[in-house]
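Now for the letters of each chain:
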Amino acid sequence: MNLSADVLDLDWAEVDQRLCRFIKDYVNRAGAEGVVLGLSGGVDSSTIAALSARALGGRNVLGLTLFEKETRRSEDVLHAELMVKTFELKSEAVDTTHTLEAFNHSAPVFDSADRLNNGNVKARMRMIYVYYYANRLRLIVCGSSDKSETMMGYFTKWGDVAADISPIMDLYKTQVRSLARYIGVPEEIVEKPSSPALWPNQFAEEELGIRFEQLDLILFGLERFMKPEEIAARLRVKKSLVEAVKRRWLSAEHKRRMLLTAKLEYRTVGADFRLQRSPL
Amino acid sequence: MNGDRRMKERFKIALAQISCRQGNKTENIANISKNISKAKKQGAELVIFPEMSLTGYVIKDEVYDLAERIPGPSTKIIEDLAKKNDMHIIFGMPERSPDTEATLHNSAVLVGPDGYIGKYRKMYLPTHSIFEEKRYFRPGYEAAVFDTDLGKLGFIICYDIYFPEVTRLTRLKGAKLIVCISASPGVRRSYFEILTLARAIENTAYFAYVNLAGIEDGLQFWGGSRLVGPSGRVLVQAKYDVDDFVTHEVDYSDIRPIEAFLPTLRDLRPELFDQLKHDAEQL
């Protein structure tokens, strides 16, 4: 199977149309007033903000800029403001610094050196704010996780991935960038390196150890049941790299399927209770 | 079939491409009823609704509550609408097998001006990708062709279209208008756009394809319902993705010149089917 970059090319007009319809339909069914999202100034959340504005009108989209002193970057603030202006979004800025400090002081086991765990607290704290606004204002939480990061488990369990709907979760990062360009997200945001902003100078590609252009093609091959050796040969990379990506993808399934219990009875939540999804 | 009536060579059909409220039969029947009235006003004598249009397609475990016998309470309502409007109506629904409680079929129902005519049980149940039909349904075993005032109508349902022998069986039983009701999501559109034409061409018959519209649990049905003529020409097509309603005339006299020009039925080779059976068993 061909694994050149063009396999990731989609009909962006159709993708745009489908995702806008998806967002609008869900919001209408839920009887909600609109959507709320964490607007970081990065490409994923900016794409979600733009799609939501195209689907619902900017006045029905609330972008929450959730900053705290350790990771606040003026460039991100400017990009979030640019999105608000470009797509006429509603916005609110929330400084989570004091809430995080209060949490840290209240947890006896808190350790300032435990960077990953403390970073996860930041992601979960953002989730708490987003859901608080959603519940107060009758809004749907629109998540901005993409397929590359979701497959790699590159997110915080119960944190940034928590949402009512995740419209771009079936698009790889490089596809999100293409869609973002198509729908008019400013180029400086489209091109900006992705960061979860859990600690200063944290960048996704550095942490994952691979460029998204390459990662996405490996994931594309795995998605289509290609063997690691086939993918490695096609992409002219080491088989061990593909195998490492595959291991990471498979080992993160616990983060993507969150309800697991022991099967004891007739029908079981998270296993064989198969019900239609009810919107809120 | 009413003996006083003669089979019509020409008549108008309506393709009612609707979206459904999942699990809400009352609301869906109201929508079906509205579209029947519309078909009547536009002079159609047959109106076709999509697969599982009584309940919506994504109903999962609720299917055990929603499935009914055929004929049964819901088909009775549609029968009454058919009588009142002097209309033939085709729609889809989950069927509970007569002698069991939880053996279900994915079925198409035909009612007419004289009431209930017949049903077809889907033979090929997709259970791959996002589809899980075999989890709930038992496959049908019989091709269905019904003799009506509008000629012999053949039935297939959605995934059956990938298996040309199902459509072919309806044609060999005399169907000149073959109806395919469907619940096909957008990722499959390119396949169906080809297969709907292919089934018409290879059988030199009219082929009416009616798909769901709307979104159910994130699954976006692509609509695009169409009537394809016996030469493979799309005679009328509904919009993609959204609810729509289109009508067009069927004229059986168009079949003869096409069948003479491309005699696929004359050239059938029955002995190949024995070979096909043998090889399929070895697969």
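All values reported here derive from a predicted model rather than from experimental measurement.

Quick notes on the rules
Residues numbered from 1 in each chain as written. Chains lettered and ligands numbered in written order. Predicted model: local features only at pLDDT ≥ 70, side-chain atom pairs only at ≥ 80, totals over all residues. Heavy atoms only, no water. Phe/Tyr/Trp six-rings, centres within 6.5 Å; stacked < 30°, edge-to-face > 60°. Buried < 20%, exposed > 50% of the residue type's maximum accessible area, 1.4 Å probe, protein only. Helix = DSSP H or I, 4+ residues; strand = E, 2+ residues; numbered from the N terminus. Axes fitted to C-alpha atoms, helices over the stretch in contact; angles between N-to-C directions. Parallel < 35°, antiparallel > 145°, perpendicular 65-115°, else oblique. Left-handed = near helix turned anticlockwise from the far one by under 90°. Contact = heavy atoms within 4.5 Å. Nonpolar A, V, L, I, M, F, W, Y, C, P; charged D, E, K, R; others polar. Polar contact = N/O pair within 3.5 Å; in protein donor to acceptor, adjacent residues only side chain to side chain. Buried area = accessible area lost by both parts, 1.4 Å probe. Salt bridge = Lys/Arg side-chain N within 4 Å of Asp/Glu carboxyl O. Pairing = 2+ DSSP bridges. Core = buried A, V, L, I, M, F, W, Y, C linked by side-chain atoms within 4.5 Å. pLDDT = per-residue confidence, 0-100.

A. Quick peek at the packing of aromatic side chains. Residues and elements named next belong to chain B. According to the stated counting rule, one finds 14 aromatic pairs over all chains in the structure shown. Relative to Phe 155, the ring of Phe 146 has its centre 5.5 Å away and its plane inclined at 70°; by these criteria the two rings are edge-to-face. No difference in accessibility class separates Phe 146 from Phe 155, as the two residues are buried. A ring pair is formed by Tyr 209 and Trp 222, whose centres lie 5.8 Å apart and whose planes are at 25°; its orientation type is stacked. Within this pair, whereas Tyr 209 is found in strand S9 (residues 206–211), its partner Trp 222 is found in the loop between strand S11 (219–220) and strand S12 (226–228), the two being separated by 13 residues in sequence. Given the relative accessible area of 0%, Tyr 209 is considered buried.

B. Structural detail: the packing of helix H4 (residues 97–106) of chain A against helix H5 (residues 115–137) of chain A. Residue and element names in this part refer to chain A. As a packed pair, H4 and H5 sit with axes 11 Å apart at the nearest point and diverge in direction by 125°. Classified by the angle their axes make, H4 and H5 are oblique. Note that H4 runs across H5; the crossing there is right-handed. Where H4 approaches H5, its residues Thr 99, Leu 100 and Phe 103 are matched on the opposing element by Val 121, Lys 122, Met 125 and Tyr 129. Per-class residue counts for the contact of H4 with H5 are 5 nonpolar, 1 polar and 1 charged.

C. Molecular detail of the side chain of Asp 160 of chain B. Residue and element names in this part refer to chain B. If you trace the backbone, Asp 160 turns up in the loop between strand S7 (151–157) and helix H5 (164–172). Within the structure, the side chain of Asp 160 is placed 2.6 Å from the side chain of Tyr 120, a separation counted as a polar contact. What Asp 160 contacts, discounting residues up to four positions off in sequence, is Tyr 120, Lys 122, Met 123, Tyr 124 and Val 166.

D. Highlighting the interface of chain A and chain B. Counting residues at the interface gives 14 residues for chain A and 19 residues for chain B. Where chain A abuts chain B, roughly 1,400 Å² becomes buried across the two surfaces, and 38% of that area is made up of carbon and sulfur atoms. Of all residues in chain A, Arg 18, Arg 274 and Gln 276 of chain A give up the largest surface area on contact with chain B, accounting jointly for 49% of the area buried on that side. Linking chain A with chain B are 5 salt bridges, by the criterion used here. Here Arg 267 of chain A makes a salt bridge to Asp 61 of chain B, at a shortest N to O gap of 2.6 Å. One can count 11 residue pairs in polar contact (both at pLDDT 80 or more) joining chain A with chain B. Class assignment of the residues belonging to the side of chain A that touches chain B gives a composition of 3 nonpolar, 2 polar and 9 charged.

E. Focus on the sheet that holds strand S13 (residues 234–237) of chain B. Residue and element names in this part refer to chain B. Judged by pairing direction, the sheet is mixed, and its 6 strands sit side by side in the order S6-S7-S8-S9-S12-S13 without closing on themselves. The sheet is open, and its two borders are formed by strand S6 (144–148) and S13, each paired with just one other strand. The mean inter-strand angle of the sheet, taken between neighbouring strand axes irrespective of direction, is 20°. Bridging between S9 and S12 involves 3 bridges; their strand directions are antiparallel. What sits directly across from Tyr 209, in S12, is Arg 226. Helix H6 (residues 189–203) rests against strand S8 (177–182), S9, S12 and S13 of the sheet, and its axis sits at about 35° to S12.

F. The arrangement of the nonpolar core in detail. The biggest cluster of nonpolar side chains holds 45 residues, and the ones touching the most others in it are Ile 13, Leu 15, Ile 48, Phe 155, Leu 177, Phe 207 and Leu 227 of chain B. Leaving out residues up to four positions away in the same chain, Ile 48 of chain B has contacts with Ile 13, Ala 14, Leu 15, Ala 16, Ile 90, Val 179, Ile 181, Ala 208 and Val 210 of chain B.

G. Region of the structure containing the pattern of salt bridges. A complete count under the given rule lists 48 salt bridges over all chains for this structure. A salt bridge links Lys 122 of chain A to Glu 70 of chain A, with the nearest nitrogen and oxygen atoms 2.2 Å apart. Of this pair, Lys 122 of chain A sits in helix H5 while Glu 70 of chain A sits in the loop between strand S2 (61–67) and helix H3 (74–86), and the two are 52 residues apart along the sequence. The buried category is assigned to Lys 122 of chain A, whose relative accessible area is 8%. Here Glu 70 of chain A falls in the partly exposed class, since its relative accessible area comes to 45%. Within this structure, Glu 14, Arg 18 and Arg 21 of chain A together with Arg 189, Glu 193, Arg 226 and Asp 241 of chain B form a network of salt bridges that share partners.

H. Seen up close, the sheet that holds strand S3 (residues 88–96) of chain B. All names here are of chain B. One open sheet accounts for 6 strands, arranged S5-S4-S3-S2-S1-S14; its pairing is mixed. The open sheet is flanked by strand S5 (115–121) and strand S14 (244–251), the only strands paired with a single partner. Averaged over neighbouring strand pairs, the angle between their axes works out to 30° when direction is ignored. Across 3 bridges, strand S1 (residues 10–17) lies against strand S2 (residues 46–48) in parallel orientation. If you follow Ala 14 over to S2, its bridge partner there is Val 47. With respect to the sheet, helix H3 (residues 73–85) is in contact with S3, strand S4 (104–112) and S5, its orientation differing from that of S4 by roughly 20°.

I. View of the confidence of the model for chain B. Averaged over all residues, the pLDDT of chain B equals 96, while 98% of them reach at least 70. What the predictor reports for the complex is a pTM of 0.93 with an ipTM of 0.89.

J. Here's a closer look at the environment of Thr 268 of chain A. Residue and element names in this part refer to chain A. Along the polypeptide, Thr 268 turns up in the segment after helix H13 (253–256). Overall, Thr 268 belongs to the buried group, its relative accessible area being 7%. Setting aside its immediate chain neighbours within four residues, Thr 268 contacts Thr 261, Ala 262, Lys 263 and Phe 273. In this structure the side chain of Thr 268 is engaged in a polar contact, spanning 3.0 Å, whose partner is the side chain of Lys 263.

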